Amino acid sequence: MKQSRLLIHTYRETPRDADVVSQQLMMRAGMIQRVAAGIYDYLPLVLRSIRKFENIVREELTKDGCQELLMPTVQPRELWDESGRWQFYGKELLRFKDRKDADFCLGPTHEEVVTDIVRKVITSYKQLPLNLFQIQTKFRDEVRPRFGLMRGREFIMKDGYSFHVDDADADREYWRMFEAYKRIFARLGVKFRPVEADSGAIGGSFTHEFHVLASSGEDAILSCSACEYTSNVEKTEAPKLTFPYASEPVLALQPAHFHTPGIVAMADQARAFRDEQHKGLPLDHASKFYVFRVAKGGANWDVGVVLRSDHEPNVVKLKNLLAADSVELAPVAEAEKLAGAPSGFIGPVELDIPIYVDRSLEGAFNLTCGANRDGYHHFGFKPDRDLKQFKVFTDLRMAVAGDACARCGNGVYESFRGIEVGQVFKLGTKYSTTMNCNYLDEAGASKPMVMGCYGIGITRTIAAVIEQGNDADGIIWPWAVAPFQVHLLSLDAANADVAAAAERSERELEAAGFEVLHDDREGLSPGVKFKDADLLGMPLRIVIGAKGLKDGTAELRDRRTKKLERVPFDRLVSAVQEFAKTTAESAASVSVSSS
Ligand code: ATP
Ligand code: MG
């Protein structure tokens, strides 16, 4: 491909409205253009990467017997009423009316449509299992579209759905897709991790997310240093810590014992907890308290959560514990009203609401807590003794790096940041039950199919690849999804000998099966061409110039390592073949040692 013919314009300046590296570089490299918030053109160069990744996904899924189909983007309300999601999906679902005033939406995901297909076609256990996928444009009216292709409103997704006679078969397929995803991301040549994730409170469901590791990732991941346990921090089990002061006498509650006026921050309070015995208390002797507002099926109520003062609450754990639709912090003014004291002095003891206590406080005593009186704290607090509505000790805190692994107990958690590029999800019978997607079993009994769903964000993955692969000069594409594998620069393009040699090399490399972008543009300095090549980031740069032509050589440069090599023209193809082979090998090792 001649660069002079390519629809591309490169920019030296970082665009002002681009907030992550992948977006900046894709805009500078003329790969994407913004059409509206979260809506982009995929220009020819990046579309090649997108298509390559789609094909990797296709190949790996087809190996496992998955069948590709294509469902509509525009979906009728009726199907979404059947699943109940027309009402519950929220504003991400873009709804509109057609000319006959009928309600439609743009598909953010396709459980309803695919379930409708399957219930019409499948009647017997003999036709199961079934695994269907599509690669298609999705629309989600995200509140804050940002980070370019990483959180767009319109984006390309691979979504797959499987249907089974029972849980065991759905589980089998889940792990098969899990393995397929590992192959897919390994072929990309990126560092990634499968991560246990929150599945909400749907019975019988569980899920893993696949994350590309990058410091700009929106998700925090904790991974055990000793065992396989890797999870999204919103889900990570926190180890139960033992209360370290077992030798102290257990005291009765001493109301409003500490006077700490105006001191709100936990660490300052701990220092200020002073009396004849105490010269300040350690943070693990102090408790902290939050009031959360719970919503479930139209009802609302408040609950309290007590934690050790140096721990943070995990809202997802609380939401799952209560099987709630949503949980959020109660507005400060209302918590203050409930307690009759300003924020900083609100405590659990006198309050008549259900109170849940983090399990690291099981067995704890002689704690401090807010006294519900301005400027005062209680001392001697023992949660299971002193609360009006003590509910349970359970895991309610955020695990943090350095915590002992709650699974194996041998390692400690290490933290990573990740970009969620895919998810495998065991759905259970949520959709088949509400939408009557049933089959007849061997005995002739009608049963709901057990479902799984499997997504990969195609365009987000391409952005994530760039988040992981870049330097100050531009993009560093992995071989597998680079728009072109080779960037051939003719330095003195107006020189007929150089042009002819470059032309011949382009043809020979293409004949050998390589994809070549040939920078044949005339009248540009070598510096400009080098800068553009670094920005565009193809894995191998080949330079042909008048100087090399004299001794019959071209210059090869590895974009990643910046290593240079001079190669005689008659060995050019074999040198590129050699490069391709070693790059593929090192890409494979990158993903295997995926930390
Ligand atoms: P997130 O939590 O990041 O909003 P999600 O969990 O809602 O994503 P899924 O429903 O699991 O997304 O969709 C499958 C995949 O589609 C995700 O793993 C992600 O890679 C991709 N994806 C989801 N939302 C977007 C978006 N707004 N822009 C680009 N890709 C997206
Ligand atoms: Mg997801």
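Residues numbered from 1 in each chain as written. Chains lettered and ligands numbered in written order. Predicted model: local features only at pLDDT ≥ 70, side-chain atom pairs only at ≥ 80, totals over all residues. Heavy atoms only, no water.

1. Looking at helix H13 (residues 496–511)
Then comes step 1: Its 16 residues place the ends of H13 22 Å apart at the C-alpha level, agreeing with the 22 Å of an ideal helix rising 1.5 Å per residue.
Then comes step 2: For H13, the set of buried residues is Val498, Ala501, Ala502, Ser505, Glu506 and Leu509. Down the axis, H13 shows its buried residues gathered within 140° of arc, on one side only. Residues of H13 that are exposed and point more than 90 degrees away from the buried face comprise Ala496, Asp497, Arg507 and Ala511.
Then comes step 3: Where H13 starts, the residue carrying a side-chain oxygen 2.8 Å from the main-chain nitrogen of Asp497 turns out to be Asn495. (Helix = DSSP H or I, 4+ residues; strand = E, 2+ residues; numbered from the N terminus. Expected span 1.5 Å × (residues − 1). Buried < 20%, exposed > 50% of the residue type's maximum accessible area, 1.4 Å probe, protein only. Arc of directions from axis to C-beta. Polar contact = N/O pair within 3.5 Å; in protein donor to acceptor, adjacent residues only side chain to side chain.)

2. Re the pairing of strand S21 (residues 413–428)
Then comes step 1: As paired strands, strand S10 (residues 206–213) and S21 are joined by eight bridges and run antiparallel to one another. When the bridges of S21 are listed, Thr207 appears paired with Phe425.
Then comes step 2: Pairing analysis gives six bridges linking strand S11 (residues 219–224) to S21, with the strands arranged antiparallel. Residue pairing across strands places Ile221 opposite Phe416, the latter belonging to S21.
Then comes step 3: Two strands pair when backbone bridges link them, and S21 and strand S24 (residues 450–457) are joined in this way by six bridges, in the antiparallel orientation. Across the sheet, Val424 pairs through a bridge with Tyr454, a residue of S24. (Pairing = 2+ DSSP bridges.)

3. Here's the deal with the sheet that holds strand S4 (residues 74–76)
Then comes step 1: Ordered in space as S4-S6-S5, the three strands form an open sheet in which the pairing is antiparallel. Each edge of the open sheet is held by one strand with a lone partner, namely S4 and strand S5 (95–97). In this sheet, adjacent strand axes meet at a mean angle of 40° when their direction is disregarded.
Then comes step 2: In this sheet, strand S6 (residues 103–106) lies alongside S5 in antiparallel orientation, the contact comprising three bridges. (Axes fitted to C-alpha atoms, helices over the stretch in contact; angles between N-to-C directions.)

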